[in-house]
Amino acid sequence: MLGLIAGVIAKSLLGGRAKHGVIVTILIGVAGALLGGWAASNVFGIAVTGGFFDLSTWIIAILGSVVLLLIYHMMNGGARSFRRARR
């Protein structure tokens with residue numbers, strides 16, 4: 001549930017860049033929450049066991065989702081512009 005909400009928040013933070021469906025939002029939100037939690041604990045040494053209602057848990061999940069959404073858009077946008085340039 002946290003990943004779903006984090007994905008929706010991340011999509012709204014990106015504004016006009018986020019032009020994908022709800023399924024992609026859910027998947028990237030869940031993956032971003034997991035990635036953010038992993039990066040916070042293993043890379044930055046931040047404890048992420050605060051629970052569902054802890055603010056740091058939400059911030060980490062949203063930041064992870066934003067990072068994955070940006071990567072997703074860079075990959076998809078780059079592929080589209082490459083296809084246009086070849087024509």
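The structure presented is a predicted model; accordingly, all values stated were derived computationally and were not measured.

Caption draft 1: Representation of the layout of surface pockets within the structure. Of the volumes computed, that of the largest pocket is approximately 160 Å³. What lines the largest pocket is simply Leu35, Gly36, Ala39, Ala40, Phe44, Ile46, Ile60, Leu63, Gly64 and Val67. Of the residues belonging to the lining of the largest pocket, the class tally is eight nonpolar, two polar and no charged.

Caption draft 2: Representation of helix α1 (residues 2–14) within the structure. The end-to-end C-alpha distance of α1, which contains 13 residues, comes to 18 Å, matching closely the 18 Å that a straight helix rising 1.5 Å per residue would cover. For α1, every residue scored as buried is listed here: Leu2, Gly3, Ala6, Gly7, Ala10 and Leu14. For α1, the arc enclosing every buried residue in end-on projection is 125°, short of the 170-degree limit, so these residues lie on one face. Gly15 occupies a position one or two residues after α1 and carries a positive phi of about 65°.

Conventions adopted
Residues numbered from 1 in each chain as written. Predicted model: local features only at pLDDT ≥ 70, side-chain atom pairs only at ≥ 80, totals over all residues. Heavy atoms only, no water. 1 Å grid on protein atoms, 1.4 Å probe; cavity = no way out; pocket = protein on both sides within 12 Å on 5 of 7 lines; lining within 4 Å. Points joined across faces, edges and corners; volume = space filled by probe spheres on them. Nonpolar A, V, L, I, M, F, W, Y, C, P; charged D, E, K, R; others polar. Helix = DSSP H or I, 4+ residues; strand = E, 2+ residues; numbered from the N terminus. Expected span 1.5 Å × (residues − 1). Buried < 20%, exposed > 50% of the residue type's maximum accessible area, 1.4 Å probe, protein only. Arc of directions from axis to C-beta.

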